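As a plain string of letters, each chain reads:
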Amino acid sequence: MSATYKQRLRGWLSYAFASEAFVVVSLTLFLPICLEQFARDNGFLQPEKTESCSSLSGSVPANVDGRCAVKIGWLWIDTASFSLYVYSMSVALQALTVISMGSIADRSSYRKPLLLTFAAIGAFSASLFLPLSSTSPLWMVSALFAILANVGFGASIVAMNAYLPSLAKDSPEVVRAYSEVTSSFENRDENSALTASIDLELERSLEEVSDPLLGHPIHPDTAQLTYTAALSRATSRISSLGIASGYGAGIILLLVALIPVTRMQGSTFSLRLAIGLSGIWWALFSIPAAVWLPNVSNIDEPESGSIKADDDWTFSSEIAVAWKRLGVMLRWREIKRLRNTFRYLAAWFLLSDGFTTITSTAILFGKTTLHMQASSLVLIGAITPLSGIIGSLVSPILQRKFMWSNLHVLVLLVLMVSLIPAYGCLGFLPVFKGTARFGGLTTQGEMFGLAVYFGFAYGAFQSYARALYAELLPPGEEARWYGLFSITDKSSSFVGPLIVGLIADSTGNIRYAFFFLVFMVWAAVPVLLSVDVDKGRQDAKNYVS
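All values reported here derive from a predicted model rather than from experimental measurement. Per chain, residue numbering runs from 1 following the sequence as it is written. The predicted origin of the model limits local features to residues at a pLDDT of at least 70 and limits the giving and counting of side-chain atom pairs to 80 or more, whereas totals for whole chains, interfaces and linings rest on all residues. Only hydrogens and water are removed before side-chain values are computed, so all heavy atoms of the structure are retained for them.

Novice: Looking at this structure, how should I read the pattern of salt bridges?
Specialist: Pairs can form between side chains of opposite charge whenever their charged atoms are close. Throughout this description, the term salt bridge denotes a Lys or Arg side-chain nitrogen within 4 Å of a carboxyl oxygen of Asp or Glu. Following the criterion strictly, the structure yields nine salt bridges and no others. Notably, a salt bridge pairs Asp-534 with Arg-537, separated by 2.7 Å at the nearest N-O pair. With a gap of three residues between them, Asp-534 and Arg-537 both fall in helix α21 (residues 533-544), about one helical turn apart. Buried means the residue's accessible area, taken with a 1.4 Å probe over protein chains only, is under 20% of the maximum for its type, while exposed means over 50%, and partly exposed covers the values in between. Since its relative accessible area comes to 21%, Asp-534 is described here as partly exposed. Secondary structure follows DSSP: runs of H or I at least 4 residues long count as helices, runs of E at least 2 residues long count as strands, and numbering of each begins at the N terminus.

Below, the structure is given as structure tokens:
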């Protein structure tokens, strides 16, 4: 392994270590709780809306509803819904941002500056929670900080993911496998002049294996199959290392944040402190990425023929081009050319939205319905990524042992996760409403068991989903297509939180949202199974050829 490649890989992993801590600590745990607490500190008890919610301290008495509403403009909304609405707005703005930056990030010379710029925006916005008090007249600015932090994270991750295909192709095992493919081509060329019939046979064979990403040609060459398998393993391995690195950072920071949150009994300041620390962590550990990630002079990556020369473009023109390209990409003719890539994106739209909403809904459910203390939620937040590390590292081992394809692993993980909201729906059964002290997600203890289960499946799912998508991308357009991936990933997730917020507002019981989540996840399974990965690889190659 060359020193240059090691440096590139360390730079990529260091940014995962920096940014994913914000996701684990803030985005999935403390931000929803903190925003709800900001709203609660300025809200009033329902239904009279005359007594301040802050007058209730500790656990909610049995004879009190405990539901709080805060007035935003002329509207009264549930405090639990407030954080969901803020998140919906943030991911909608995130979608607009990642679309606009796609063409610029495809320029290898601007990928790193874009990553670092959005990292700075996100880290600084998260850090600003430290001085902002929930009793301040400007408490609503917390929503703006949350939006900017999420936009900064999502946009920087698009640039980060665009490095993944080249990192996999330049890994030592893939380089060795590619050398074997090249050698086999050279040997065939030496023998091709013997007879015309052999030459014709060779030409047909070369057509079958000319694409290094082609999965299963009619008469596959052994070296070609070795290369394909090596590339797939390298992509999933590097992606898994990124997930494990980020989750590890999240666990470390969660354990640090657990100290003030526990000692301050989950006060609003302790929640702000945890979010602020995640912003500081994000900024500090982005420094190694700034040093080690390559500039254009350090790497050799193909660029799409649609990309103009550096002296023929401006930021405004590239933003306009990005939106035009999106319109072209979404034309029915283009969708048919990359039908398997778009089938995968359709499934991912449902899955990413469902998985993200499961996470935020579970945290709010634990806080508002099960009345869990902030320290307990922090512990759950630590257990989940720890289990995720195990899942992301164990799944490739199981895959190799049982010879599962990436697609089959994804389907299995989806079915595993879908059982969580289905289990929550059981809480409506009379047997779990009576004297039963366990079952249907009616006790705090069950949340800890589900955190282990969900973390194992979700950690593996994230690494495999990103790795499989990398194999379906047209070469030279990684950032543009990862921008579309981001829209259907976290940026598409405004739908789920919005619907869950409406369900919570209209029913007064967030548990009803579990029915919606089951439907959303299960609806993606047949779409996911319809993806032909091998054909998708070849279509991606032909898309730019």
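Novice: Hey, could you run me through the packing of aromatic side chains in this one?
Specialist: The geometry of an aromatic ring pair is captured by the separation of the ring centres together with the interplanar angle, meaning the angle of the planes. Ring pairs shown here join Phe, Tyr and Trp side chains whose ring centres sit within 6.5 Å, with only the six-membered ring taken for Trp; geometry is labelled stacked below 30 degrees between planes, edge-to-face above 60, and tilted in between. On inspection of all chains with the given rule, the structure shows 23 aromatic pairs. Geometrically, the ring pair formed by Phe-402 and Trp-404 is stacked, given 5.0 Å between the ring centres and 15 degrees between the ring planes. Classification of Trp-404 as partly exposed rests on a relative accessible area of 33%. Taken together, the ring pairs in this structure connect Tyr-344, Trp-348, Phe-355, Phe-454, Tyr-458, Phe-461, Tyr-469 and Phe-485 into an aromatic cluster. Any Lys NZ or Arg CZ that is within 6 Å of a ring centre and within 35 degrees of that ring's normal is treated as a charge sitting over the ring. The residue whose ring lies beneath Arg-111 is Tyr-163, and the NZ or CZ to ring-centre distance is 5.3 Å. In this structure, Arg-511 is placed above the aromatic ring of Phe-428, and the distance from its NZ or CZ to the ring centre is 6.0 Å.

Novice: Teacher, can you tell me more about the layout of surface pockets here?
Specialist: Using a probe with the size of a water molecule, rolled over the atoms, empty space left in the structure can be pinpointed. Space inside the second largest pocket adds up to approximately 640 Å³. Those elements giving two or more residues to the lining of the second largest pocket turn out to be α8 (222-263), α14 (374-402), α15 (406-425) and α21. Top contributing element to the lining of the second largest pocket by residue count: α8, with six residues. Grouping the constituent residues of the lining of the second largest pocket by class yields seven nonpolar, nine polar and five charged. The way it works is a 1 Å grid over only the protein atoms, where trapped points that fit a 1.4 Å probe form a cavity and open points with protein on both sides within 12 Å along at least five of seven lines form a pocket, and then any residue with an atom within 4 Å of a point lines it. Grid points are joined across faces, edges and corners, and a volume is the space filled by probe spheres set on the points. Nonpolar residues are Ala, Val, Leu, Ile, Met, Phe, Trp, Tyr, Cys and Pro. Charged residues are Asp, Glu, Lys and Arg, and all others, Gly as well, are polar.

Novice: Would you mind going over the sheet that holds strand β2 (residues 68-72) with me for this structure?
Specialist: Whether parallel or antiparallel, the strands of a sheet pair through hydrogen bonds between backbone atoms. A strand pair is defined by DSSP finding two or more bridges across the two strands. In space, the three strands of this open sheet follow the order β1-β2-β3, with antiparallel pairing throughout. Each edge of the open sheet is held by one strand with a lone partner, namely β1 (44-45) and β3 (75-78). Pairing analysis gives four bridges linking β2 to β3, with the strands arranged antiparallel. In the sheet register, Ile-72 faces β3, and the bridge partner there is Leu-75.

Novice: Would you explain the side chain of Ser-395 in this entry?
Specialist: The topology assignment puts Ser-395 in helix α14. Every residue in contact with Ser-395, bar those within four places of it in the chain, is listed here: Ala-460 and Tyr-464. Residues are treated as being in contact if the distance between any of their heavy atoms lies within 4.5 Å.

Novice: Just checking my understanding: could you explain the nonpolar core for this structure?
Specialist: General note: in soluble globular proteins, nonpolar side chains tend to be found buried as a group. Working definition of a nonpolar core: buried Ala, Val, Leu, Ile, Met, Phe, Trp, Tyr and Cys residues. They are joined through side-chain atoms within 4.5 Å. Grouped together as the largest cluster of nonpolar side chains are 157 residues, with contacts concentrated most on Phe-30, Tyr-344 and Phe-461. Ranked by the residues each element gives to this core, the list is headed by helix α1 (residues 3-41), at 21 residues.

Novice: Looking at this structure, I do not really get empty space enclosed by the protein. What am I missing?
Specialist: Counted under the stated rule, the structure contains five cavities of 30 Å³ or more. Here the largest cavity defines a volume of roughly 680 Å³. Lining the largest cavity we find 42 residues, and of these Thr-28, Thr-359, Ser-360, Ile-363 and Phe-454 sit closest to its centre. Mapped onto the lining of the largest cavity, the elements with two or more residues apiece are α1, α2 (79-105), α4 (141-161), α13 (339-368), α14, α15, α17 (444-470) and α20 (513-529). In terms of residue count, the dominant contributor to the lining of the largest cavity is α1 (nine residues). Split by residue class, the lining of the largest cavity holds 30 nonpolar, ten polar and two charged.

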